[in-house]
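What follows is the residue order along each chain.
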Amino acid sequence: MGQRRWIWLLIAAVAFEVLQLTAGAAVMSVDLGSEWMKVGVVSQGVPMEIALNKESKRKTPTAIAFRDGDRVVGEDAYNIGVRFPTNNFAYLIDLLGKTIDNPMVELYRQRFPYYDIVEDPVRHTVVFRNGEDLYTIEELIAQILQVAKGYAEDATGQTVTQCVLVVPGFFGQAERQALVASAKLANLNVLQLINDYTAVALNYGIFRRKEFNETAHYFVFYDMGAYKTTASVISYQLVKDKATREVLPVVQVIGVGYDRTLGGLEMQIRLRDFLGKEFDKMGKTKNSVFKNPRALAKLFKEAGRLKNVLSANTEHYAQIEGLLDEQDFRLLVTREQFEKLCEDLFARVTGPIDRALAASGLSIELMNQVVLFGGNTRVPKVQEVLKAHIKQELGKNLNADEAACMGAVYRAADLATGFKVKKFVVKDAVLFPIQVVFAREGDSAKMVRRTLFGAMNAYPQKKVITFNKHTDDFDFSVDYADLDSVLSKEEITNLGSLNLTRVSLKEVGKKLNASLASDNVVSKGIKAHFALDDSGLFSLANVELVLENTVKEEEEGPLQKIGNTISKLFSGNSDDDKATVTEETTKEESSSEQGEESKPEEPASNVTNAENATAAEGTNSTQNKTEQIKTVTVRKQIPADIELAFVKPLDGADFESSLAKIRALNEADSSKKRRETALNALESFVIDAQVKLDEEEYASCATPEEAQSIRKSCGEISEWLYEDGIDADAETFEKKLEEVRSVAHQVYARHWEHKERPEALKALAKMIEGAEGFLDKARNFTKESNTEKDVFTQVEIETLERVIKETIEWKKTEVVEQNKLSRNTAVRLTVKDLTDKMALLDREVKYLVNKLKLWRPKVKPTPPPKVEKTKEGEESVKEEPVLEETPKQTEETASDEPQEKQTTEQDEDVINPSKTEESSSEKHTEL
């Protein structure tokens with residue numbers, strides 16, 4: 001019992017620690033767009049909200065810049081990019097997971113020709129060169145995520161290590177793996193990569209739960225961001241969960257269409273080029289703006305501002321001071337000119353909706369509404385084209401900038417521990433079909449293709465493929481399938497590698513031959529288990545050889561079962577001694593795809609009664625046993641070598657190198673921040689000390705020698721700061737600050753004493769007054785003054801009286817002596833002395849108060865009942881009357897105990913004893 005009690009105590013302690021950790025959990029979501037980044041947070045006591053950046057804004061530019069050893073992110077990086085465009089890196093998201101020869105990389109070079117982009121020699125991905133420094137896309141995005149992490153921690157006041165990241169739905173395996181690697185570099189655990197339209201649909205649904213029922217409601221969510229445009233068909237429906245029988249709302253993606261290069265960035269680039277050509281036409285300088293990176297960056301910034309203004313105005317002036325060769329630029333641009341520049345882009349606006357409806361198999365008439373989100377849906381021409389195409393009003397009741405981020409943070413709270421949210425089932429859809437390709441056994445020339453995850457299949461899900469005909473080691477590959485039916489040729493090229501994984505299975509023949517050497521063993525094929533998780537990441541879980549072994553098993557009769565049960569009670573045998581091969585009684589968890597020539601798979605567990613078993617039962621009936629033939633499923637793991645066919649993820653030595661680089665940058669930033677903080681503290685203290693010595697309030701607390709020493713020290717530090725100390729490190733600044741503080745310490749301490757002493761004296765006087773009042777009332781609770789209320793002894797009363805008297809006398813003496821001293825001499829009556837006296841007085845009073853709270857009146861013994869004889873001669877017990885306590889009792893009817901209770905209640909208003917005294921008195925009265 002003692003050991004068990006200790007175990008339960010240990011479990012309780014561990015559970016308490018877990019609950020404590022859970023209570024302090026905080027998670028975040030990051031909508032890492034091409035142009036802007038939004039950070040959502042949720043923690044205990046903090047509802048879902050957007051974390052503000054250091055400028056107190058709700059969104060931050062997705063940009064990072066390096067200049068003169070400094071690293072900045074967001075607005076500061078954007079400002080540096082105007083003056084030094086090659087030092088600022090932005091619009092990085094679509095370069096994730098791309099090789100150097102990808103068409104999207106070439107498009108990026110055309111849009112921003114001033115970047116120096118080189119190839120990673122090992123992974124063949126994009127690397128930015130800035131002087132002698134090289135930065136991969138994963139490293140740059142990891143540093144931006146670190147800043148987002150800092151915003152989340154500042155908003156919640158807690159450490160954040162878990163997140164949900166918003167990604168474009170058309171991201172393939174390479175892009176998703178690269179983003180997860182970036183988050184890992186930023187010390188973030190990715191709970192899920194959620195598609196942007198799925199996050200928006202979730203955010204839309206959680207605030208409209210009551211509007212949905214068992215009938216599906218269909219919506220189209222149209223997003224035009226900076227880099228791309230997507231449209232998704234979403235259904236909302238209430239569905240009963242088969243396991244819990246609970247009716248839950250379900251949001252499901254049933255159709256998606258997108259245009260990877262249609263967005264606000266392309267409009268801004270065209271407007272930038274238009275303004276540049278107009279400036280060159282003016283002939284203000286012989287140089288072209290297109291050959292000057294700084295001038296091109298200025299035009300790009302102005303084009304962005306102009307695009308936003310023209311969304312609300314029909315015309316506006318573009319104006320830049322000192323655009324090139326100190327020449328100003330000013331030009332009137334109309335909305336009509338802007339729309340003509342982007343005429344072919346507006347013609348592509350309806351394409352994503354049409355493709356999404358085609359993928360869903362539904363018509364636009366079945367849609368409840370087309371809901372807009374994304375910053376560039378505010379462009380009037382975009383809304384005009386959409387409205388004419390769908391012939392209905394557009395939904396604009398969604399926060400176009402923050403909807404995806406808020407939906408993702410709701411999902412983060414659902415996935416993380418420590419949060420309880422209303423369940424909302426999310427089912428995403430596969431955009432790019434995935435298939436398994438393998439050679440037919442005995443005919444390597446003919447390839448067999450089996451689809452694993454078809455287009456618009458819901459995920460997350462798992463699949464199993466059974467290879468029935470292979471008896472030796474073989475290979476198979478996993479590729480994208482049938483992309484021609486869902487993508488254009490240009491988009492297939494943008495996708496990159498169409499091959500995902502190549503798998504080589506080992507020891508197939510060896511394990512198969514060894515297993516079939518036994519009698520009654522049949523091979524059921526080689527099963528490969530695949531998974532597509534909720535982040536859209538594909539993986540091969542495991543490969544196993546499945547065998548069925550037919551065995552005879554003796555079934556015990558009733559008497560034999562009872563005998564074995566009794567014997568087990570007195571033996572030490574346990575279930576741990578059984579064989580590891582167990583009978584499989586459940587079917588495959590996921591669906592099964594078979595090879596080309598495979599037969600339908602037999603049940604995993606099959607129990608049959610053969611004729612021989614019947615005969616054996618009759619033969620062994622005298623032994624009270626029967627024989628039964630059972631089929632036992634045996635699974636043996638097959639080793640598999642997995643080789644990724646797409647862009648090599650950032651791992652191993654490359655990951656460690658990137659991590660070391662980021663840590664070095666973080667340490668440099670910390671050192672810089674520490675130096676700036678120490679320098680500001682030193683400068684502030686020196687200036688503040690010089691100003692205070694000119695004020696009478698502080699000057700009166702310093703002797704002439706002290707004042708001269710402080711001024712001299714401050715003067716020397718001021719000269720040092722602007723001469724030799726300009727390049728000093730943080731440690732030197734901190735030492736200088738301690739030196740000057742030590743010189744001015746005595747003066748500041750005296751000033752503080754003189755300033756705080758009056759308040760401390762008032763507090764002491766108030767405490768003395770309260771103690772004297774308590775003492776007057778306490779004298780009535782001694783044995784000498786009231787025999788029934790002997791709470792305090794005479795010694796205790798005299799002790800309190802003595803302490804009060806000594807405190808009063810000490811206070812008067814010390815105040816007089818202190819007033820004789822000047823302000824610049826050593827302080828006689830300190831604040832600490834006053835607080836010590838208050839503590840002594842408080843201790844004595846609290847001792848008596850607590851004793852009063854614990855005191856209980858003495859209870860008189862109840863007399864025994866009297867026995868009287870009745871007229872019939874029977875004895876009866878006559879009980880004494882019990883006085884019931886009433887709210888008010890008169891002096892004529894009250895007994896001793898109620899009088900004690902009444903006296904105590906009268907004294908409550910004077911001495912304020914605790915409530916426990918009243919409840920205890922009631923209990924004594926009842927007894």
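Refer to the structure above for everything that follows.
Summarised in this report is the structure supplied together with it. Remember, predicted model here, so these are calculated numbers, not experimental data.

### Overview of the packing of aromatic side chains
Then, in step 1: According to the stated counting rule, one finds 36 aromatic pairs in the structure shown.
Then, in step 2: With a centroid separation of 4.5 Å and 0° between ring planes, the pair formed by phenylalanine 212 and tyrosine 236 is classed as stacked. Highlighted residues: phenylalanine 212 in the loop between α6 (196-206) and β13 (217-224) and tyrosine 236 in strand β14 (residues 229-240), separated in sequence by 24 residues. Like phenylalanine 212, the residue tyrosine 236 is buried in the burial classification.

### A word on the packing of helix α2 (residues 75-83) against helix α8 (residues 293-310)
Then, in step 1: α8 packs onto α2 with a crossing angle of 130° between their chain directions and a minimal axis gap of 7 Å. Classified by the angle their axes make, α2 and α8 are oblique. Touching Tyr78, Asn79, Gly81, Val82 and Arg83 of α2 are Arg294, Ala297, Lys298 and Lys301, all from α8.

### Side note on the sheet that holds strand β7 (residues 88-90)
Then, in step 1: With antiparallel pairing, three strands are arranged side by side in an open sheet as β6-β5-β7. Only two strands of the sheet have a single partner each, and these edge strands are β6 (70-73) and β7. Strand-to-strand twist of the sheet, defined as the mean angle between neighbouring strand axes without regard to direction, takes the value 15°.
Then, in step 2: Across four bridges, the pairing between strand β5 (residues 63-67) and β6 is antiparallel. Paired with alanine 65 across the two strands is valine 72, which belongs to β6.
Then, in step 3: Together, β5, β6 and β7 form the strand contacts of helix α4 (residues 137-156), whose direction differs from that of β5 by roughly 105°.

### Notes on unusual backbone geometry
Then, in step 1: For the bond running from tyrosine 459 to proline 460, omega is 15°, close enough to zero to count as cis.
Then, in step 2: Among the secondary structure elements, proline 460 is positioned in the loop between β23 (458-459) and β24 (461-467).
Then, in step 3: At asparagine 187, a residue that is not glycine, the phi angle is positive and equals roughly 60°.
Then, in step 4: Tracing the backbone shows asparagine 187 in the loop between α5 (173-185) and β12 (189-195).
Then, in step 5: The phi dihedral of aspartate 482 is positive, around 50°, even though this residue is not glycine.

### Regarding the packing of helix α7 (residues 264-282) against α8
Then, in step 1: The geometry of α7 relative to α8 is characterised by a closest axis approach of 8 Å and an angle of 120° between their N-to-C directions. Taken together, the axis directions place α7 and α8 in an arrangement best described as oblique. In this structure, α7 meets α8 at a crossing whose hand is right-handed. Here α7 contributes Gly264, Leu265, Met267, Gln268, Ile269, Leu271, Arg272, Leu275 and Gly276 to the contact with α8, which in turn contributes Leu296, Leu299, Phe300, Ala303, Gly304, Leu306 and Lys307.
Then, in step 2: In terms of residue class, the contact of α7 with α8 is built from ten nonpolar, four polar and two charged.

### Focus on the side chain of threonine 466
Then, in step 1: Along the chain, threonine 466 turns up in strand β24.
Then, in step 2: By relative accessible area, which is 2% here, threonine 466 ends up buried.
Then, in step 3: Of note is the side chain of threonine 466, whose polar atom sits 3.1 Å from the side chain of lysine 527.

### Observations regarding the pattern of salt bridges
Pairs may arise between side chains of opposite charge once their charged atoms sit close together.
Then, in step 1: Counted by the stated rule, this structure contains 48 salt bridges.
Then, in step 2: Of the charged contacts, one joins lysine 648 and aspartate 651 as a salt bridge, the two residues approaching to 3.2 Å between their closest N and O atoms.
Then, in step 3: For aspartate 651, a relative accessible area of 37% puts it in the partly exposed group.
Then, in step 4: Judged by its relative accessible area of 36%, lysine 648 falls in the partly exposed class.

Rules used throughout
Residues numbered from 1 in each chain as written. Predicted model: local features only at pLDDT ≥ 70, side-chain atom pairs only at ≥ 80, totals over all residues. Heavy atoms only, no water. Phe/Tyr/Trp six-rings, centres within 6.5 Å; stacked < 30°, edge-to-face > 60°. Helix = DSSP H or I, 4+ residues; strand = E, 2+ residues; numbered from the N terminus. Buried < 20%, exposed > 50% of the residue type's maximum accessible area, 1.4 Å probe, protein only. Axes fitted to C-alpha atoms, helices over the stretch in contact; angles between N-to-C directions. Parallel < 35°, antiparallel > 145°, perpendicular 65-115°, else oblique. Contact = heavy atoms within 4.5 Å. Pairing = 2+ DSSP bridges. Left-handed = near helix turned anticlockwise from the far one by under 90°. Nonpolar A, V, L, I, M, F, W, Y, C, P; charged D, E, K, R; others polar. Polar contact = N/O pair within 3.5 Å; in protein donor to acceptor, adjacent residues only side chain to side chain. Salt bridge = Lys/Arg side-chain N within 4 Å of Asp/Glu carboxyl O.

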